[in-house]
Amino acid sequence: MSLTKTTYSMISGAVVNVLDFGADPSGVADSTQSIQDAIDSITAGIVYLPAGTYKTTSKISANKSAINIIGAGSDATYIRPTSAVMTTAIEINNGSWNDVTEVYSSTGISIGSSSIQDLTLSGSATTSCTGIVFARATKQCHLTRVKVVGFSVGARMYGSWYAKVNQCTFESNDIGMYTDYEKIGRA
């Protein structure tokens, strides 16, 4: 699959390619910062990952509305987290979860119209890691044609009541996917 403007015509905004930010599709060099820089460079639109394998060593955060992380297909674009201590590979999240108090702290209104599409996340080099976190990612946020393999939790959605999951595969995860409510903390 190649990305064309007509393929994702419903998505408006800029289109940036992670290769233009120095990402390495060979899977040798760490591409975490390059992918994050591509996401941070736009206020809305597509962050495109061409076919290849992208090694990451820390969480990728797309914590704003209308950001769409799109690969060339689930059998063509791979994101491979390699840090055993990572807690999350990719997040669309407007707050933070405290594991001790079990309270979610929101930093604003729900994130809308963001997505992760057409790629594979492979977590075989991680331990106790969640592949994808959607937190208060509602209003047309979605996962589409995403394969999530080898994580403790493939995907976790909390406070994301209107998010959609379409044509996704969860393989060899301890827990494939789950959704739960959120407890909003008060300062």
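Since we're looking at a predicted model, the values are computed, not measured.

## Examining the sheet that holds strand β19 (residues 175-180)
Overall, parallel pairing links the five strands, which are arranged β5-β8-β13-β16-β19 in an open sheet. Because the sheet does not close on itself, it has two edges, and the strands there are β5 (60-61) and β19. Sheet analysis places strand β8 (residues 88-93) next to strand β13 (residues 130-135), joined by five bridges and oriented parallel. Residue pairing across strands places Glu91 opposite Val133, the latter belonging to β13.

## Thoughts on the nonpolar core
Core analysis: the largest hydrophobic core is formed by 35 residues, its most contacted members being Ile69, Ile116, Leu121, Ile132 and Phe134. If we skip the residues at most four places from it in the chain, Ile132 touches Ile90, Ile116, Leu121, Leu143, Val146, Val148, Gly154, Ala155 and Arg156.

## Details of the confidence of the model for the protein chain
When the pLDDT values of the protein chain are averaged, the result is 83; 79% of them are 70 or greater. This stretch, residues 4-10, has a pLDDT under 50; its non-local contacts, to residues over four places away or in other chains, come to nine contacts.

## What about the pattern of salt bridges?
Think of it this way: side chains of opposite charge can pair up when their charged atoms draw near. Counting across every chain of the model gives three salt bridges. Lys59 is paired through a salt bridge with Glu91; the nearest N and O atoms lie 3.6 Å apart. Here Lys59, found in the loop between β4 (52-56) and β5, pairs with Glu91, found in strand β8; they are 32 residues apart in sequence, far enough to count as distant. Here Glu91 falls in the buried class, since its relative accessible area comes to 8%. When the shortest N-O distance is used, the salt bridge between Asp118 and Arg145 registers 2.6 Å. Taken as a pair, Asp118 in strand β12 (residues 115-122) and Arg145 in strand β15 (residues 142-149) lie far apart in primary sequence, 27 residues in all. In this structure Asp118 comes out as buried when scored by relative accessible area, which is 3%. Residue Arg145 is classed as partly exposed on the basis of its relative accessible area, which comes to 29%.

Here is what the cut-offs are and how they apply
- Residues numbered from 1 in each chain as written.
- Predicted model: local features only at pLDDT ≥ 70, side-chain atom pairs only at ≥ 80, totals over all residues.
- Heavy atoms only, no water.
- Pairing = 2+ DSSP bridges.
- Helix = DSSP H or I, 4+ residues; strand = E, 2+ residues; numbered from the N terminus.
- Core = buried A, V, L, I, M, F, W, Y, C linked by side-chain atoms within 4.5 Å.
- Buried < 20%, exposed > 50% of the residue type's maximum accessible area, 1.4 Å probe, protein only.
- Contact = heavy atoms within 4.5 Å.
- pLDDT = per-residue confidence, 0-100.
- Salt bridge = Lys/Arg side-chain N within 4 Å of Asp/Glu carboxyl O.

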